[in-house]
Amino acid sequence: MAVGEEEVEIVTARTDKRQYRRVVLKNSLEVLLISDPDTDKCAASMAVSVGSFSDPEGLEGLAHFLEHMLFYASEKYPLEDSYSKFITEHGGSTNAFTASEHTNYYFDVNVDSFEEALDRLFFIKPLMSADATMREIKAVDSENQKNLLSDAWRMNQLQKHLSEKSHPYHKFGTGNWDTLGVRPGARGLDTRDELIKFYKEHYSANLMHLVVYSKENLDKIESMVEEKFCDIRNTDKDCLHITGQPCTSEHLQILVKTVPIKQGHKLRVTWPITPEIRHYKEGPSRYLGHLIGHEGEGSLFYVLKTLGRSS
Ligand SMILES: [Zn+2]
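Residues numbered from 1 in each chain as written. Predicted model: local features only at pLDDT ≥ 70, side-chain atom pairs only at ≥ 80, totals over all residues. Heavy atoms only, no water.

Trainee: Would you mind showing me how to read the packing of aromatic side chains here?
Mentor: Within a pair of aromatic rings, the relevant descriptors are the distance that separates the centres and the angle that separates the planes. In total, this model carries 5 aromatic pairs according to the counting rule given. Where phenylalanine 71 meets tyrosine 105, the ring centres are 6.2 Å apart and the plane angle is 35 degrees; that geometry is what we call tilted. Here phenylalanine 71, found in the loop between helix H1 (62–70) and helix H2 (82–89), pairs with tyrosine 105, found in strand S6 (residues 103–110); they are 34 residues apart in sequence, far enough to count as distant. Tyrosine 105 carries the same exposure label as phenylalanine 71, and that label is buried. The interplanar angle of 35 degrees and the centroid separation of 5.3 Å between the aromatic rings of tyrosine 199 and tyrosine 203 together place this pair among those described as tilted. (Phe/Tyr/Trp six-rings, centres within 6.5 Å; stacked < 30°, edge-to-face > 60°. Helix = DSSP H or I, 4+ residues; strand = E, 2+ residues; numbered from the N terminus. Buried < 20%, exposed > 50% of the residue type's maximum accessible area, 1.4 Å probe, protein only.)

See below:
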């Protein structure tokens with residue numbers, strides 16, 4: 001049985017025939033189960049509360065690199081890349097992303113292949129072989145090379161670069177050959193050892209949240225989830241707590257002019273706001289975004305556009 005269980009009171013439209021249940025497994029993994037008898041696809045998403053803000057000093061991109069490595073193989077399914085292959089061969093798709101404080105892995109797949117797809121998720125005993133490690137550093141590097149040609153990525157990194165140096169926001173989160181291969185090597189570090197250390201330290205079940213969406217009834221999904229995920233290790237790891245601000249007065253009220261790669265003009269105005277996670281239901285910044293983004297007569301957009309035309 002799960003440690004805690006409750007039928008969640010989720011306000012859904014009357015037409016929503018899906019059923020929902022929140023459970024917490026013995027290892028503190030929190031799971032939202034969704035049963036939808038009408039679906040022809042099943043899906044799952046695992047969020048881990050660790051991201052690039054937790055990269056060790058001098059190993060920028062390690063969290064992102066680990067995200068790549070987990071896809072490769074596990075002790076139970078050692079054939080490289082067999083997880084992704086299985087998903088695509090059974091009508092699904094899969095991907096993952098590393099954010100500053102979260103890493104998310106997700107997939108969808110045909111109903112009849114769902115149980116095996118869940119079984120292939122790699123959170124229990126991933127294999128991180130030495131040769132796969134070297135190859136995947138190169139994959140991360142080429143991802144970064146591609147980002148270097150994107151104005152959006154360049155602007156994001158520039159903004160990080162102009163923030164407070166002691167704040168993790170300042171760091172480079174993607175990683176490349178230099179930060180994951182050359183520099184750690186020069187300090188005598190083995191990137192694979194660091195990767196395994198990072199995995200053991202941060203991938204604790206109490207920091208994971210799983211959502212499972214299936215055609216089966218809730219009891220069946222619950223026992224399936226329990227069987228497959230109760231062995232994820234729990235070390236009761238604390239979430240990263242960040243103090244300080246990424247922008248102090250010296251980082252604000254500055255104007256930066258950049259030459260883009262693609263032709264065109266863009267005005268980007270940014271300012272920090274307090275986190276609004278506790279107000280997610282109301283979404284206060286959406287109201288502000290709507291007002292500031294309004295394009296009708298009298299709006300900021302309208303004034304700027306009029307000024308642009310007359311110059
Ligand atoms: Zn990537």
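Trainee: So what exactly am I meant to see when it comes to the domain arrangement of the protein chain here?
Mentor: We note that the domain assignment places domain 1 (5–229) and domain 2 (251–310) within the protein chain. Averaged C-alpha coordinates put domain 1 and domain 2 at centres separated by 31 Å. With 12 residues of domain 1 at the contact, the number on the domain 2 side is 9 residues. Taken together, the two surfaces of domain 1 and domain 2 that pack against each other cover about 850 Å², and 56% of this comes from carbon and sulfur. Among the residues domain 1 hides against domain 2, the three largest losses belong to Asp151, Met155 and Leu162. Together they make up 51% of the total. (Domains from an automatic or database assignment. Contact = heavy atoms within 4.5 Å. Buried area = accessible area lost by both parts, 1.4 Å probe.)

Trainee: When you look at the environment of tyrosine 169 in this model, what are you seeing that I'm missing?
Mentor: Relative to the helices and strands, tyrosine 169 resides in the loop between helix H5 (151–161) and helix H6 (177–186). Look at tyrosine 169 and you get partly exposed, because its relative accessible area is 23%. Taking the C-alpha atoms as reference points, tyrosine 169 and lysine 228, 59 residues apart in sequence, are found 35 Å from one another. Here tyrosine 169 is in contact with Phe53, Gln159, Lys160, Ser163 and Pro246, once residues within four sequence places are set aside.

Trainee: Just checking my understanding: could you explain the confidence of the model for the protein chain for this structure?
Mentor: The predicted structure's coordinates, where accompanied by low pLDDT, should not be read in detail. Of all residues in the protein chain, 95% have pLDDT values of 70 or greater, and the mean over the chain is 91. By mean pLDDT, the top-scoring element of the protein chain is strand S3 (residues 30–35) (98), and the lowest-scoring one is strand S1 (residues 4–6) (48). Counting contacts from residues 1–7, a segment whose pLDDT is below 50, to residues more than four positions away or on other chains yields 22 contacts. (pLDDT = per-residue confidence, 0-100.)

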